[in-house]
Amino acid sequence: SGSQPIENHHPKHINWALEGRYDRPTYKDVDPVNSHGSSGFLDGGWEDGYFDDGNCSTALHLPNGKRLEKVLMPDTPPLQQSSVWLLNVGAGTTGTRSVQREICKRMINSTHWHWHCNLPEDDKSVVAMEAWIEWLQPFYRMTEGSAAWILKGKNGEIKPRPSHRLMMDALHGGLVSLGDTPTAFFPELVAWLPDAHVILTLRDAEKWWKSRVEHHAGDLMCAEHMWDKVAHPFCIADCFQLGGVPAIINIKNVDRRVGVEGYIRYNMWVVSVVPPERLFRFCPWDCRDAHCTQDGSSAYFLQKMLEFIADKCPPPCKGPPNPYKWSGTYKPQNKPQNNKHPHPSRAKA
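Residues numbered from 1 in each chain as written. Predicted model: local features only at pLDDT ≥ 70, side-chain atom pairs only at ≥ 80, totals over all residues. Heavy atoms only, no water.

Caption draft 1: The environment of Val126, seen in detail. As for its placement among the helices and strands, Val126 is situated in helix H3 (residues 124–143). We classify Val126 as buried; its relative accessible area is 1%. Between the C-alpha atoms of Val126 and Trp115, which are eleven residues apart in sequence, the distance is 9.7 Å. (Helix = DSSP H or I, 4+ residues; strand = E, 2+ residues; numbered from the N terminus. Buried < 20%, exposed > 50% of the residue type's maximum accessible area, 1.4 Å probe, protein only.)

What follows is the structure in structure tokens.
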């Protein structure tokens with residue numbers, strides 16, 4: 001155990017402090033918090049009772065007997081307070097959008113990529129989340145091979161992470177639920193919000209990779225040589241801050257094995273650090289009753305999810321769902337009004 005400072009490989013002359021606070025990532029070793037014991041889980045022998053015979057078991061087990069060598073958490077103290085009490089941390093195309101839809105119906109102030117519900121667009125947490133998402137755009141362009149953006153990355157012209165103040169604005173406004181990108185990219189959210197309820201949607205690992213590459217132009221991930229230096233393979237900000245341009249990849253440009261294994265390692269990390277009583281895991285492709293909806297999720301799991309958040313949920317959660325229509329995108333003021341997704345690789349989730 002103990003903090004593990006990691007060398008920062010960026011040029012020393014860059015003064016990112018002008019844009020806000022960019023602390024160098026440090027981590028601490030932690031013991032897994034599952035009821036089956038640390039050795040069983042790390043050795044790959046742990047089975048989730050929901051999915052041991054289901055469609056998502058591969059999302060929690062590394063192939064060929066591989067194991068998680070260690071579990072790292074950001075070495076940062078919890079926030080004294082935050083408006084956020086729910087994290088929808090599943091990777092894209094695992095059902096996070098379906099979760100968001102149901103959350104919005106229950107009048108919970110929530111965000112999922114560029115879709116926000118039950119809050120005005122000028123709420124400071126909504127504005128901050130939009131800026132947080134905008135921070136990601138150079139990484140998509142850089143990993144898609146743009147020479148101009150690769151050069152910017154090498155020259156230190158890309159912010160290594162959102163400013164601390166921006167992230168605090170996102171966590172101290174009207175939003176109480178965060179989901180989809182960039183939630184999965186920032187392990188400090190779990191450290192900052194130790195009492196938050198966490199929803200982890202899962203999908204067969206090979207099918208997840210196939211969907212991301214064929215229908216979503218891939219996804220960002222840390223290069224494999226960075227995995228043992230950060231909490232999990234989706235730690236985009238930490239990997240870029242520590243390793244520069246070579247530390248970030250798009251899974252469509254590397255061997256399938258890398259993308260699949262990185263996805264599994266992320267899910268295993270979530271299960272390792274979030275206590276079972278605060279973690280709701282489910283597989284939208286595992287219909288356990290006769291009421292599977294059009295997008296593949298199940299009324300059974302919806303009921304269980306609502307039971308999971310019942311103690312925190314506002315009164316509308318207890319009654320009939322609001323007829324929330326899933327449409328529209330965030331439309332920043334003073335910008336062209338359109339419904340086009342800002343990046344083609346993230347048009348769906």
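Caption draft 2: Representation of the sheet that holds strand S5 (residues 110–112) in the model. Strands sit in the order S6-S5-S7-S4-S8-S11 across an open sheet of six strands; the sheet is mixed. Edge positions in the open sheet fall to strand S6 (115–117) and strand S11 (279–282), since each of these has one partner strand only. Here the strands of the sheet are splayed against their neighbours by 10° on average, with no regard to which way each runs. Pairing of strand S4 (residues 86–88) with strand S7 (residues 177–179), which is carried by three bridges, proceeds in the parallel orientation. Bridge pairing links Leu87 to Leu178 in S7. The strands touched by helix H2 (residues 96–105) within the sheet are S4, S5, S6, S7, strand S8 (197–201) and S11, with S5 carrying the most contacts at an inclination of about 160°. (Pairing = 2+ DSSP bridges. Axes fitted to C-alpha atoms, helices over the stretch in contact; angles between N-to-C directions. Contact = heavy atoms within 4.5 Å.)

Caption draft 3: Seen up close, the packing of helix H7 (residues 205–215) against helix H9 (residues 256–273). It is at 9 Å that the axes of H7 and H9 come closest, and there the two elements cross at 120°. Considering their axes alone, H7 and H9 lie oblique with respect to each other. Note that H7 runs across H9; the crossing there is right-handed. For the pair H7 and H9, contact is made by Ala205, Glu206, Trp208 and Trp209 and by Arg256, Gly259, Val260, Tyr263 and Ile264, respectively. Taken together, the residues of the contact of H7 with H9 sort by class into six nonpolar, one polar and two charged. (Parallel < 35°, antiparallel > 145°, perpendicular 65-115°, else oblique. Left-handed = near helix turned anticlockwise from the far one by under 90°. Nonpolar A, V, L, I, M, F, W, Y, C, P; charged D, E, K, R; others polar.)

Caption draft 4: Just the packing of H3 against helix H4 (residues 147–154), in detail. Where H3 contacts H4, the axes come no closer than 7 Å and their chain directions differ by 120°. On the basis of the axis angle, H3 is oblique to H4. Judged by the twist between their axes, the crossing of H3 over H4 is left-handed. From H3, Pro138, Arg141 and Met142 reach across to H4, where they touch Trp149, Ile150 and Gly153.

Caption draft 5: The arrangement of the packing of aromatic side chains in detail. Considering all chains together, one arrives at ten aromatic pairs under this definition. Pairing Trp132 with Phe186 gives two aromatic rings, centres 5.1 Å apart and planes at 80°, and the pair type is edge-to-face. Highlighted residues: Trp132 in helix H3 and Phe186 in the loop between S7 and helix H6 (188–192), separated in sequence by 54 residues. Of the two residues examined, Trp132 and Phe186, each falls in the buried class. Among the aromatic side chains, those forming a connected cluster through ring pairs are Trp132, Trp135, Phe139, Phe186 and Phe240. (Phe/Tyr/Trp six-rings, centres within 6.5 Å; stacked < 30°, edge-to-face > 60°.)

Caption draft 6: Representation of the pairing of S11 in the model. Here S11 shows a buried face lined by Leu279 and Arg281 and a second buried face lined by Phe280 and Phe282. Pairing of S8 with S11, which is carried by four bridges, proceeds in the parallel orientation. Bridging across to S11, Thr201 finds its partner in Phe282.

Caption draft 7: Main features of the environment of Ala299. Relative to the helices and strands, Ala299 is located in helix H10 (residues 299–309). For Ala299, a relative accessible area of 31% puts it in the partly exposed group. Distance from Ala299 to Pro284, taken between C-alpha atoms, is 9.9 Å for residues 15 residues apart in sequence.

Caption draft 8: Quick look at the state of the cysteines. One pass over the structure, following the stated rule, counts two disulfides. Shown here is the disulfide that connects Cys104 with Cys117, its sulfur atoms set 2.1 Å apart. Here the S-S torsion is close to -90°, and the disulfide linking Cys104 with Cys117 is therefore left-handed. Residue Cys104 is found in helix H2, and its partner Cys117 is found in strand S6; the two are separated by 13 residues along the sequence. Given the relative accessible area of 1%, Cys117 is considered buried. Here Cys222 connects covalently by a disulfide to Cys239, the sulfurs 2.2 Å from one another. Taking the torsion about the S-S bond as the criterion, the Cys222 to Cys239 disulfide, at about 105°, is right-handed. Of this pair, Cys222 sits in strand S9 (residues 220–222) while Cys239 sits in helix H8 (residues 236–243); the two residues are 17 residues apart in sequence, bridging distant segments of the chain. (Disulfide = S-S within 2.5 Å.)

Interpretation note: all reported values are geometric properties and have no functional meaning in isolation.
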